[in-house]
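# Close look at the chain arrangement
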Amino acid sequence: MVEISSTFELKYAPIDDDHKHLADIVTEIVDALDAEKLSDSADLVRKFVETTRTHFQDEEALLASHNYPHLDKHKAHHATLVQKLETLQDMGDKVVDHPQAADSLRKELIYFLMDDIINEDLNFKNFITEAAAKD
Amino acid sequence: MDGLHIHGVHHAYGDTKVLQGISLTVPAGELVCLLGPSGCGKTTLLRLAAGLERLQAGSIAIDEKVVAGDGVKVLPEHRRVGYMFQDYALFPHLDVTDNIMFGLFRWSGEEAKARTAEVLRQVGLEQHAHKFPHTLSGGQQQRVALARAIAPKPRLVLLDEPFSGLDTNMRVRIREQTLNVLKEAGVATLMVTHDPEEAMYMADRIKGMGEGGNVLQSGRPTEIYYQPVDEYVARLFGPVNEIVTEARGREVKTPFGVVPARDYADGDRVKVLIRPESFSLSNAANGSNSRRVEVSASHLLGDSSLVEFRLADQLDDSENQLFKVQIPGNFDPLDHTRVWIGLAPEDAFVFAGD
Ligand SMILES: [Fe+2]
Ligand SMILES: [Fe+2]
């Protein structure tokens, strides 16, 4: 089970909830891989990719609405991750015929979620909690 | 999540910033490698994780427990961290067993003895339990250091250029064994190195670091090697051939065929980078992208050959550029021999020119 524990929380519900939702999908993928339901896992990776794209858009809109000063940098970061999403989808599809790639997919999803998505978001943790407190 | 979680670490010595906003996650059982030149702050980051240096900004958590930052500072000896640092030598006056037992001072005598025997078996040194460090080879000493690092069952292992003191053959064997032992222990490992091959071999994930003490790219070894985000990251893996030219029609013409350049407009100055190992070399034309060249020199490197060449039809041009190709096996042509060079377009990297 992939959990967003407190060191990974921004303490700002709209974003933390999104991240938890992404973690839930990763958990579903890991469960499907463990159960060797590989076409299910490929579909779930598709869902993860779509949900992540939407999350990036929502998050960018939210940061823009609060005039986050480093918005451009964060958008550029999202853009590089969108490229990685293609690789993830590719890995998800490949696993159907190459079950031995399941481990790499599992690993990559966890790094993608924790290291690429959430770690970078923690950079605006203070900004967003302060902005929310002012509202 | 169990493992190491570093967030937003900045560090400076006086006015010199050595780390600028480093964040990373190493899940338990995984190995993450920071790859960068010396002076990029990577050793400082290890020292901060170990608690050997005071954290100036950011936070560090091991297995969900904050050990530095947010007003917390857990002493190094309470962090359950094992290290293998370059300068972290064995105690010369203690034998192998006592070197390992030293870190187990909180354990009961019986447990410490049993654990020491267990880790010595894991690193294949049970025969050398009572030898003194100076009687062991460099590789054996390194394995004792590894045994000592993992004996107290740390939650995190830190490796700082751990194999740099070893000769090539030894290095290959020791790193393989080290990786096996760490994976078996299921411990989170953060390693720093400037050696790209070592990083590629050991790491589940590589973080390419710039001179400013920041992470430029994170990814699986294949990803960061084949899809570097910029010129700096591409060059972290060794010397590259460089062609400076202009983009046209979302493409770049090179002597080795047309390369896609989707992000560049007509007339943009671009740099095309090609790794020596990305070229193929043959004695006959091989597909439309192959190009006839003349060998200038060749060097056998052991299991591969490095061949220097110039474009064959531009030999009168004093500007004629020297390229390098590295191919497996022994290729020892006479100088000025004509050969054919091929390149798969996706193996060329295009970045903005200066
Ligand atoms: Fe996010
Ligand atoms: Fe984000």
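My aim in this report is to walk through the structure given alongside it, one point at a time. (Residues numbered from 1 in each chain as written. Chains lettered and ligands numbered in written order. Predicted model: local features only at pLDDT ≥ 70, side-chain atom pairs only at ≥ 80, totals over all residues. Heavy atoms only, no water.)

### A look at the environment of Leu 90 of chain B
Residue and element names in this part refer to chain B. Filter applied, for reference: Here a helix means four or more residues in a row that DSSP labels H or I, a strand means two or more in a row labelled E, and each is numbered from the N terminus. Relative accessibility decides the category of a residue: with a 1.4 Å probe and only protein chains considered, values under 20% of the type maximum give buried, values over 50% give exposed, and everything between is partly exposed. In what follows, a contact means two residues having at least one pair of non-hydrogen atoms within 4.5 Å.
Along the polypeptide, Leu 90 turns up in the loop between β7 (81-84) and α2 (96-101). Residue Leu 90 is classed as buried on the basis of its relative accessible area of 13%. Put simply, Leu 90 and Val 144 are 54 residues apart on the chain and 8.0 Å apart in space, counted from C-alpha to C-alpha. When residues no more than four places from it in sequence are discounted, the contact partners of Leu 90 are Asn 99, Pro 133, Gln 141, Val 144, Ala 145 and Arg 148.

### Overview of the coordination of the iron ion (ligand 2)
All names here are of chain A. Rules: With water excluded from the atoms, a metal site may look incomplete; its donors are any N, O or S atoms within 2.8 Å, or within 3.2 Å for Na, K and Ca.
The protein atoms that coordinate the iron ion (ligand 2) are Glu 59 (OE), His 74 (NE2), His 78 (NE2) and Asp 121 (OD), at distances spanning 2.0 to 2.3 Å. We note that the donor set of the iron ion (ligand 2) lies within a single chain, spaced as E-x14-H-x3-H-x42-D. For the pair the iron ion (ligand 2) and the iron ion (ligand 1), the metal-to-metal distance amounts to 3.3 Å, and Glu 59 bridges them. Within this pair, whereas His 74 is found in helix α3 (residues 71-97), its partner Asp 121 is found in helix α4 (residues 102-121), the two being separated by 47 residues in sequence. Assessed through its relative accessible area of 1%, Asp 121 is described here as buried.

### Some thoughts on the pairing of strand β8 (residues 156-160) of chain B
Residue and element names in this part refer to chain B. We count it as follows: Here a strand pair is declared whenever DSSP counts at least two bridges between the two strands.
A large share of β8 lies buried, amounting to five of its five residues. The alternating pattern of β8 places Leu 156, Leu 158 and Asp 160 on one face and Val 157 and Leu 159 on the opposite face, and all of these are buried. For β7 and β8, the ladder comprises four bridges, and the chain directions are parallel. Its bridge partner lying in β8, Tyr 83 is registered against Leu 158. As paired elements, β8 and strand β9 (residues 188-193) share five bridges and run parallel to each other.

### Examining the side chain of Ser 5 of chain A
Selection criterion: Think of a polar contact as two N or O atoms within 3.5 Å of one another; within protein, one of them needs to be a possible hydrogen donor and the other a possible acceptor, and neighboring residues in sequence only count if both atoms come from side chains.
Inspection of the secondary structure assignment puts Ser 5 of chain A in the segment before α1 (13-34). In terms of polar contacts, Ser 5 of chain A uses its side chain to reach the side chain of Glu 64 of chain B, at 2.3 Å.

### Some remarks on the packing of helix α2 (residues 38-65) of chain A against α3 of chain A
Residues and elements named next belong to chain A. Selection rule: Fitting a line to C-alpha atoms yields each axis, with helices limited to the stretch in contact; the angle taken between N-to-C directions then spans 0 to 180 degrees. The scheme is simple: roughly parallel for angles under 35 degrees, roughly antiparallel for over 145, roughly perpendicular for 65 to 115, oblique for anything else. Under the scheme applied, nonpolar residues are Ala, Val, Leu, Ile, Met, Phe, Trp, Tyr, Cys and Pro; charged residues are Asp, Glu, Lys and Arg; polar residues are all the others, including Gly.
α3 packs onto α2 with a crossing angle of 175° between their chain directions and a minimal axis gap of 8 Å. Here α2 lies roughly antiparallel to α3, going by the angle between them. Of the residues belonging to the contact of α2 with α3, the class tally is 15 nonpolar, seven polar and six charged.

### Describing the pattern of salt bridges
All names here are of chain A. Short version of the rule: Salt bridges are defined as contacts in which a side-chain nitrogen from Lys or Arg sits within 4 Å of a carboxyl oxygen from Asp or Glu.
For the coordinates displayed, the defined rule picks out 31 salt bridges over all chains. Two residues, Asp 43 and Arg 46, come together in a salt bridge whose shortest N-O distance is 3.5 Å. Of this pair, Asp 43 and Arg 46 both sit in helix α2, three residues apart, roughly one helical turn. For Asp 43, a relative accessible area of 47% gives the class partly exposed. The class for Arg 46 is partly exposed, based on a relative accessible area of 36%.

### Focus: the packing of aromatic side chains
Residues and elements named next belong to chain B. Counted only if it meets this: Aromatic rings from Phe, Tyr and Trp, with only the six-membered ring used for Trp, were paired whenever their centres fell within 6.5 Å, and each pair was classed as stacked if the ring planes differed by under 30 degrees, edge-to-face if by over 60, and tilted otherwise. A positively charged side chain is recorded as over a ring if its NZ (Lys) or CZ (Arg) lies within 6 Å of the ring centre. The angle to the ring normal must also be within 35 degrees.
All chains considered together, the criterion is met by twelve aromatic pairs over all chains. Between Phe 91 and Phe 102, the aromatic rings sit 4.6 Å apart at their centres with planes inclined by 55°, giving tilted as the arrangement. One end of the pair, Phe 91, is in the loop between β7 and α2; the other, Phe 102, is in the loop between α2 and α3 (109-122), and eleven residues separate them in sequence. With relative accessibility at 25%, the residue Phe 91 sits in the partly exposed group. Residue Phe 102 is classed as partly exposed on the basis of its relative accessible area, which comes to 49%. Each ring, one from Phe 256 and one from Phe 323, has its centre 5.1 Å from the other, and the planes form 90°; the classification is edge-to-face. Taken as a pair, Phe 256 in the loop between β13 (251-254) and β14 (257-260) and Phe 323 in strand β19 (residues 323-328) lie far apart in primary sequence, 67 residues in all. Here Phe 256 matches Phe 323 in class, with each residue buried. Between Arg 275 and the ring centre of Tyr 225, over which it is positioned, the NZ or CZ distance is 4.2 Å.

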